[in-house]
Amino acid sequence: MAASRTRSFPSRLAAGGGEDRLSNLPDGVLGHILSFLPTKEAGRTAVLARRWRYMFANVHTMSFEQDRVMHLSDDYTFYVDAQERRSLNGNFLDDVCAAVLARRRCGGLAPNTSLRAFRLFFDDDEGYHGWDGPMVESLINHVLQQSNQELHLDLRFWTGQHCASGGDSDDYEYPCREPRWFPHLPARLFRCPYLRSLRVGHCRLTPPETIVLPSLETLHLTDINEPCAPIQRLISGCPRLADLTLEACSKLKRVSVLDKRLRRLALRCCHNVVGVAVDASELTTLCYRGALPAESLLTLRGSPRIASYTMDFCDTIPSKKGEFAAFRKLLGNFADVKHLHLQSSRLGCGIESGLFVGFPAFSNLRHLELSGCLEDCSIVVAVAMILEKTPNLEVLSLFLTPGSQEGGRIRRAQPGMSLPCLRQINLVHYRGGEAQRTLARLLLRNALALQELCVVFRKGPFALQSSLMNEMKGWVANKSAKMMFL
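(A) How the structure looks around the packing of helix α6 (residues 90-107) against helix α7 (residues 133-145). At a minimum axis distance of 11 Å, the contact between α6 and α7 shows a crossing angle of 25 degrees. As judged from the angle between their axes, α6 and α7 are roughly parallel. Considering only the axes of α6 and α7, their crossing is left-handed. Across from Leu-93, Asp-94, Val-96, Cys-97, Val-100 and Arg-104 in α6, the residues of α7 making contact are Met-135, Val-136, Leu-139 and His-142.

(B) Layout of the sheet that holds strand β11 (residues 298-301). Spatially, the 3 strands line up as an open sheet ordered β7-β9-β11, and their pairing is parallel. Lying at the two open borders of the sheet, with one neighbouring strand each, are β7 (254-257) and β11. Taken pair by pair, the neighbouring strands of this sheet meet at an average axis angle of 10 degrees, ignoring direction. Bridge count for β7 against strand β9 (residues 275-279) is 4 bridges, and the pairing is parallel. Across the sheet, Ser-256 pairs through a bridge with Ala-277, a residue of β9.

(C) A look at the pairing of strand β17 (residues 452-457). The sheet contact formed by strand β16 (residues 424-430) and β17 spans 6 bridges and is parallel. Considered in β17, the bridge of Tyr-430 is made with Phe-457. Relative to strand β18 (residues 482-485), β17 is paired through 4 bridges, and the arrangement is parallel. Directly across from Val-455, in β18, lies its bridge partner Phe-485. Note that the unit made of β17, helix α12 (residues 462-475) and β18 has a crossover that is right-handed.

(D) Inspection of the pattern of salt bridges at higher detail. Counted by the stated rule, this structure contains 12 salt bridges. Close ionic contact of Arg-264 with Asp-243 constitutes a salt bridge, the shortest N to O distance being 3.0 Å. You can see Arg-264 sitting in strand β8 (residues 264-268) and its partner Asp-243 sitting in strand β6 (residues 243-247), a full 21 residues away along the chain. For Glu-394, the salt bridge is made with Arg-366, and the minimal N-O distance between the two is 3.9 Å. Of this pair, Glu-394 sits in the loop between α10 (378-387) and β15 (395-402) while Arg-366 sits in the loop between β13 (339-344) and β14 (367-374), and the two are 28 residues apart along the sequence. By sharing partners, the salt bridges in this structure join Arg-261, Asp-279 and Glu-282 into a single network.

(E) Expanded view of the pairing of β6. Burial analysis of β6 places 5 of its 5 residues in the buried class, the great majority of the element. As paired elements, strand β5 (residues 218-222) and β6 share 5 bridges and run parallel to each other. Across the sheet, Thr-222 pairs through a bridge with Glu-247, a residue of β6. Remark: the β5/helix α8 (residues 228-236)/β6 crossover connection has right-handed handedness.

About the cut-offs
- Residues numbered from 1 in each chain as written.
- Predicted model: local features only at pLDDT ≥ 70, side-chain atom pairs only at ≥ 80, totals over all residues.
- Heavy atoms only, no water.
- Axes fitted to C-alpha atoms, helices over the stretch in contact; angles between N-to-C directions.
- Helix = DSSP H or I, 4+ residues; strand = E, 2+ residues; numbered from the N terminus.
- Parallel < 35°, antiparallel > 145°, perpendicular 65-115°, else oblique.
- Left-handed = near helix turned anticlockwise from the far one by under 90°.
- Contact = heavy atoms within 4.5 Å.
- Pairing = 2+ DSSP bridges.
- Right-handed = clockwise from strand over helix to strand, strands pointing away.
- Salt bridge = Lys/Arg side-chain N within 4 Å of Asp/Glu carboxyl O.
- Buried < 20%, exposed > 50% of the residue type's maximum accessible area, 1.4 Å probe, protein only.

Now the structure itself:
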């Protein structure tokens, strides 16, 4: 009896007449499967059987996210008074180092054990500390050494909120963090021939004079507290750059990407930027978040063929008459897009002032997404006026978050709205308030060609959700449409 208990899992399976097909797979296939698991869970598979003892070496993706609970009960004064310069992140970094070294001991630099992806996220409470510098730099250098094919790096040294304007709380204060909280990236990182994508957040960008990143295609910079020169030098050192995201770079003023063929550009919460020049001959996706941009902000060279455009206002949409013309002119530059996403904290706040009067026509638009807080029933008028300018719309997605004062009267009804091509409607965060019910009734009764309806309710009583579901089913004009309620 004791001998049978000590048998490995495959041996017991074979004794029972079964076959362990999973263990018979090649090492590379098993390593690829384990790479989809959390890193700790992938490492624990070593205890399954002798066949799995060194399988952790074939895991090509390692991801570590700091749990805020890890140091909530720690005494900060202990770390300050201790002789050893060890921050609150010490235990987290110890776990990361243990996993990285365990993978190395299991396989080293065998041909099929190259590390492809490494993700390191500090929490939004303390984040990176200056005392973590030597260990973090050693980790990054080790990861670069363990990669000999392709590498995707995601290093976020603080995951808190980066833009105070985009917060949900009016009492939010943007943290003024000392320089010791901004780590320096090792110089070796900027000369890695295998680096395919790089995402860094909340760090100092001090690249060497010579930057050689011949394989880098995706670059995402978040909260880089550096002037234009280092960022521009990094972009210039990436000849194959196709996807660029600049987020919350407070000191960035101007950037030029005229020598690259970008396919995607995202500019979020860089409130001090005044000029971005881009070769848009292959640009297909453009995302912007911030205040109403000046007309001279974006310079698109070549023949732009942008298919997807996202505009997200940090505070509200323009509310002054002088801003209306600029807003409409800005949208007019993207009248040929097939996918448009508009987001604002108050989507319908400019109705009474005529914001949507003269709204540009989007004859090629197929997918429209509207997101924002629902303040009153003016949102119904706003959506109706926008839909009048999208005659070929096929998919409409509404992400409506109710505001503090939902209600109000609809002063301008749109009973005769025509939606001849609308095939799919998605309603997210539906809770059945007056404005949401009015908007849903207007859409469902006029979408005669509707084929699919998807509604995601907010958390609430099941009886209320059932009542709302039955009500919406009665509004649908095409009873053969597929309906999903979640």
